[in-house]
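Architecture at a glance
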Amino acid sequence: MANSSRTFSDVRNVILSAHKNTGAQDKVGFYDTWAENYEQDVALLDYRAPLLATECVSSFFRGDREKAAVLDVACGTGLVSAHLKMGFRHFVGIDGSLKMLELAKKTGLYQQLTQCLLGQDEIPVESETYDIVIIVGALSIGQVPLTVIGELWDATKPGGYVGMTTRGNTDNWEYKAELEQMIRALEEEQKWSRVTVVELEVWEKAVSEQDSGYIPGAIYLY
């Protein structure tokens with residue numbers, strides 16, 4: 001059960017711990033422990049990525065929403081699909097944490113939920129299956145390795161959309177630069193084309209001593 005007495009200071013310590021570059025099993029254990037307080041904590045953080053990313057994807061999607069298949073990668077408790085449920089109906093979720101997946105199941109949004117350690121296990125889906133593949137919050141230092149980008153592309157139908165986000169604050173600059181380099185490489189190989197890239201100054205509250213106020217973030221839609 002979530003702890004209603006948690007403060008921003010509590011959340012700050014949790015977020016800083018989440019950003020540490022630990023092994024996959026340690027990361028899964030961390031998210032299993034965090035699961036019950038996760039949604040309450042990200043609300044205290046004023047974490048806007050799920051809403052902003054889904055609004056971006058929704059604004060450009062031109063297909064039949066009721067028939068569209070959505071792959072929610074690193075789905076957590078289901079915040080992204082919860083925002084997309086206005087119009088979209090078919091969701092498959094993937095996450096490394098069984099505790100997070102248990103909470104996602106309770107939403108009733110997903111037709112299928114599968115545990116997968118991103119970057120260690122290959123995403124367990126068939127190629128060219130999904131109209132939308134979206135990953136929010138997991139592409140950053142200490143989280144998911146960039147090798148997953150090719151797997152996101154592979155899971156997407158021709159003509160489908162891949163939505164990705166990352167933080168733009170100081171400790172994530174190098175990761176962000178490498179992510180953008182990989183995105184451009186796939187574009188140069190004509191595997192996908194840019195729909196939009198949105199840089200936002202107000203992404204979530206800053207937690208590190210290097211930052212203050214709100215940190216920036218970015219949405220990439222291909």
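These figures come from a predicted structure and were not determined experimentally.

Topic: the overall build of the protein chain
Along the protein chain, the regular secondary structure elements total 7 helices and 7 strands. For the protein chain, the succession of helices and strands along the chain, N to C, is α-α-α-β-α-β-α-β-β-α-β-α-β-β. For a compact globule of 222 residues, the expected C-alpha radius of gyration is about 17 Å, and the protein chain comes in at 16 Å, within 12% of that figure. Along the three orthogonal principal directions, the C-alpha set of the protein chain runs to about 45 × 35 × 30 Å. Taking all 222 residues of the protein chain together, the buried fraction comes to 49%. Once local pairs closer than 6 in sequence are excluded, the contacts in the protein chain between residues at least 24 apart make up 68%. For the protein chain, the accessible surface area stands at approximately 10,800 Å², while carbon and sulfur atoms represent 49% of it. The averaged location of the 32 negative side-chain charges in the protein chain is 5 Å from the averaged location of its 20 positive side-chain charges.

Comments concerning the pattern of salt bridges
A complete count under the given rule lists 7 salt bridges for this structure. Measuring nitrogen to oxygen at the nearest pair gives 2.7 Å for the salt bridge that ties Asp46 to Arg48. Relative accessible area serves as the criterion here: at 23%, Asp46 is assigned to the partly exposed category. A relative accessible area of 31% places Arg48 in the partly exposed class. Across the pair Glu180 and Lys176 runs a salt bridge, and its minimum N-O distance is 2.9 Å.

A short note on helix H3 (residues 49-60)
Compared with the 16 Å implied by 1.5 Å per residue over 12 residues, the 17 Å span of H3 between its first and last C-alpha is a close match. Listing the buried residues of H3 in full gives Ala49, Pro50, Ala53, Thr54, Cys56 and Val57. In an axial view of H3, the angular spread of the buried residues amounts to 155 degrees, which keeps them on one side of the axis. Those residues of H3 that are buried are in contact with helix H4 (79-84), strand E4 (130-135), strand E5 (156-167), strand E6 (196-205) and strand E7 (214-221).

Things to note about the packing of helix H1 (residues 8-18) against helix H2 (residues 24-44)
Running from N to C, H1 and H2 cross one another at 140 degrees; their axes reach a closest spacing of 10 Å. Considered as vectors, H1 and H2 are oriented oblique to each other. Crossing of H1 against H2: the hand is left-handed. In this structure, H1 contributes Phe8, Val11, Val14, Ile15, Ser17 and Ala18 to the contact, and H2 contributes Lys27, Phe30, Tyr31, Trp34, Asp41 and Leu44.

A few points about the packing of aromatic side chains
Summed over the entire model, instances satisfying the criterion amount to 8 aromatic pairs. Ring centres of Phe30 and Tyr31 lie 5.1 Å apart, and the angle between their planes is 85 degrees; on these two criteria the pair is classed as edge-to-face. Looking at Tyr31, the relative accessible area reads 18%, which means it is buried. Taken together, a centroid distance of 5.3 Å and an interplanar angle of 65 degrees make the contact between Phe61 and Phe88 edge-to-face. Placement of Phe61 in the loop between H3 and strand E1 (69-73) and of Phe88 in the loop between H4 and strand E2 (90-95) is noted, with a sequence separation of 27 residues between them. With respect to burial, Phe61 and Phe88 carry one shared label: buried.

Some remarks on unusual backbone geometry
Unusually for a residue other than glycine, Asp46 sits at a positive phi of about 55 degrees. Its place among the elements puts Asp46 in the loop between H2 and H3. Phi at Gln190 takes a positive value of approximately 60 degrees, unusual for a residue other than glycine. Within the element layout of this structure, Gln190 appears in the loop between helix H7 (173-188) and E6.

About the criteria used
Residues numbered from 1 in each chain as written. Predicted model: local features only at pLDDT ≥ 70, side-chain atom pairs only at ≥ 80, totals over all residues. Heavy atoms only, no water. Helix = DSSP H or I, 4+ residues; strand = E, 2+ residues; numbered from the N terminus. Rg over C-alpha atoms; globule rule 2.2 N^0.38 Å. Buried < 20%, exposed > 50% of the residue type's maximum accessible area, 1.4 Å probe, protein only. Contact = heavy atoms within 4.5 Å. Areas by Shrake-Rupley, 256 points an atom, 1.4 Å probe, with all protein chains shown as cover. Lys, Arg positive; Asp, Glu negative; His and termini not counted. Charge placed at Lys NZ, Arg CZ, Asp CG, Glu CD. Salt bridge = Lys/Arg side-chain N within 4 Å of Asp/Glu carboxyl O. Expected span 1.5 Å × (residues − 1). Arc of directions from axis to C-beta. Axes fitted to C-alpha atoms, helices over the stretch in contact; angles between N-to-C directions. Parallel < 35°, antiparallel > 145°, perpendicular 65-115°, else oblique. Left-handed = near helix turned anticlockwise from the far one by under 90°. Phe/Tyr/Trp six-rings, centres within 6.5 Å; stacked < 30°, edge-to-face > 60°.

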